[in-house]
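Structural description and commentary
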Amino acid sequence: SQNCGCGHHQALYGLAKRLLQRGDDRTQVQSEIGRWRAFMFPRETLQVELERRALQDPAIRQALDELRQQGIC
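These notes cover the structure that comes with them.

What counts, and where the lines are drawn
- Residues numbered from 1 in each chain as written.
- Predicted model: local features only at pLDDT ≥ 70, side-chain atom pairs only at ≥ 80, totals over all residues.
- Heavy atoms only, no water.
- Helix = DSSP H or I, 4+ residues; strand = E, 2+ residues; numbered from the N terminus.
- Rg over C-alpha atoms; globule rule 2.2 N^0.38 Å.
- Buried < 20%, exposed > 50% of the residue type's maximum accessible area, 1.4 Å probe, protein only.
- Core = buried A, V, L, I, M, F, W, Y, C linked by side-chain atoms within 4.5 Å.
- Expected span 1.5 Å × (residues − 1).
- Arc of directions from axis to C-beta.
- Contact = heavy atoms within 4.5 Å.

We now examine the overall build of the protein. If you tally the helices and strands in the protein, you get four helices and zero strands. Against the compact-globule benchmark of 11 Å for 73 residues, the protein has a radius of gyration of 16 Å, which places it well outside the compact range. The dimensions of the protein, computed from C-alpha atoms along their principal axes, are 45 × 30 × 20 Å. The burial tally for the protein puts 15% of its 73 residues in the buried class.

Before going further, it helps to examine the nonpolar core. Nonpolar side chains in soluble globular proteins tend to end up buried together. Counting seven residues, the largest nonpolar core is built from Leu12, Leu15, Ala16, Leu19, Val29, Ile33 and Met40. Going through the elements one at a time, helix H1 (8–22) and helix H2 (26–40) are the ones with two or more residues in this core. Residue contributions to this core peak at four residues, all from H1.

The next point concerns the environment of Glu66. Checked against the element boundaries, Glu66 lands in helix H4 (residues 58–70). When the C-alpha atoms of Glu66 and Val48 are compared, they prove to be 16 Å apart, with 18 residues separating the residues in sequence.

The next thing to look at is H2. Compared with an ideal rise of 1.5 Å per residue, which puts 15 residues at 21 Å, H2 spans 21 Å between its outermost C-alpha atoms and is within 8% of the ideal. Residues of H2 that are buried: Val29, Ile33 and Met40. Viewed along the axis of H2, the buried residues span an arc of 30 degrees, placing them on a single side of the element. Exposed residues pointing more than 90 degrees away from the buried face of H2 are listed as Thr27, Arg35 and Phe39. Here the buried face of H2 lies against H1 and helix H3 (42–54).

Printed below as a string of structure tokens:
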């Protein structure tokens, strides 16, 4: 009931299952799922990456703060 109706979670579950059946190790599976998740959810992926970079770069932090004030991010 907590999953969205888009079916992306089911696709990622199926991907993980297939990769494990193929013999990929946990690190490989997590890496591939991350790639697919970034494709399916680009906005969220970009936001997480910008927030990660903002921890070290004050200019990115300022840009994120300005975007949030505008209601865009």
